[in-house]
Amino acid sequence: TISNRWDASSSFLTFDPGVAINKGTAITLGPQPKPDDSSSVFWEIEWASRDFYRIKTRVDGDWYYLTRGARLRDGLVVPTDTLYLDPFRKTWNRQQWAILPTGQGAFTIQSAWEPNTGFLTRESKLESQAVSGKPTSTQLIETPLDEVLLDTDQTSLPARLWFLD
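These notes cover the structure that comes with them. Bear in mind that the values here come from a model prediction, so they are computed numbers and not experimental data.

### Points about the packing of aromatic side chains
Working step 1: Across all of its chains, the model carries two aromatic pairs by this definition.
Working step 2: A centroid spacing of 5.9 Å and a plane angle of 70° characterise the contact between Phe15 and Trp43, whose relative ring orientation is edge-to-face. Separated by 28 residues along the polypeptide, Phe15 in strand E2 (residues 12-15) and Trp43 in the loop between strand E3 (27-30) and strand E4 (44-49) bring together distant segments of the chain.
Working step 3: Given a relative accessible area of 9%, Trp43 falls into the buried group.
Working step 4: The interplanar angle of 50° and the centroid separation of 5.4 Å between the aromatic rings of Tyr65 and Phe88 together place this pair among those described as tilted. One end of the pair, Tyr65, is in strand E6 (residues 62-73); the other, Phe88, is in the loop between strand E7 (76-86) and strand E8 (97-103), with 23 residues separating them in the sequence.
Working step 5: Taking NZ or CZ as reference, Lys56 lies 4.1 Å from the ring centre of Trp63, over its face.
Working step 6: For Arg160, the ring lying beneath its charged end belongs to Phe119, and the centroid distance is 5.3 Å.

How each quantity is defined
Counting of residues starts from 1 at the beginning of each chain's written sequence and follows it residue by residue. Thresholds applied to this predicted model are a pLDDT of at least 70 for local features of residues and 80 or more for the giving and counting of side-chain atom pairs; totals over whole chains, interfaces and linings are not thresholded and use all residues. Computation of side-chain values: all heavy atoms of the structure, hydrogens and water removed. To pair, rings of Phe, Tyr and Trp, with the six-membered ring standing in for Trp, must have centres within 6.5 Å; the planes then decide the type, stacked if under 30 degrees apart, edge-to-face if over 60, and tilted in the middle. Helix numbering and strand numbering both begin at the N terminus, where a helix is a DSSP run of H or I of at least 4 residues and a strand a DSSP run of E of at least 2. Burial classes: relative accessible area under 20% of the type maximum marks a residue as buried, over 50% as exposed, and values in between as partly exposed (1.4 Å probe, protein chains only). In our convention, an over-ring charge means Lys NZ or Arg CZ found within 6 Å of a ring centre and within 35 degrees of that ring's normal.

Following this line, the structure appears as structure tokens:
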């Protein structure tokens, strides 16, 4: 399993098998699986090349790989911040990931394709919250969401830290 450090008990990397295959942005976070569960929260990591790995899961008996989304811009294929599952593509670096230890058992997962904008990240939102004891003061609080995307290394650290079990 792969879980986000931010509220790790309810943030296991998963997908909706009916949506994620070849469609994009269907990779989400879900609850911790039961021991006998063989659902979409189980992933395997395999060596790809040099310092990169592929992250794969089974869907209906076939292997599908975590893939960085792409789009055409001015005739060139460029990366997006989306994720989806796709069959194995040997030459695609968009299916390759650097898994870098950060300490305390956590890792960052970074795309091999445009790595400076490719950190696996738990989406969050900023909300204004009243400061206790100061009725006219507010502070911004970052709260986690269930969406997963790719972002820069400027994102808050808990959103970019993952546990691999």
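Still more ground to cover, so stick around.
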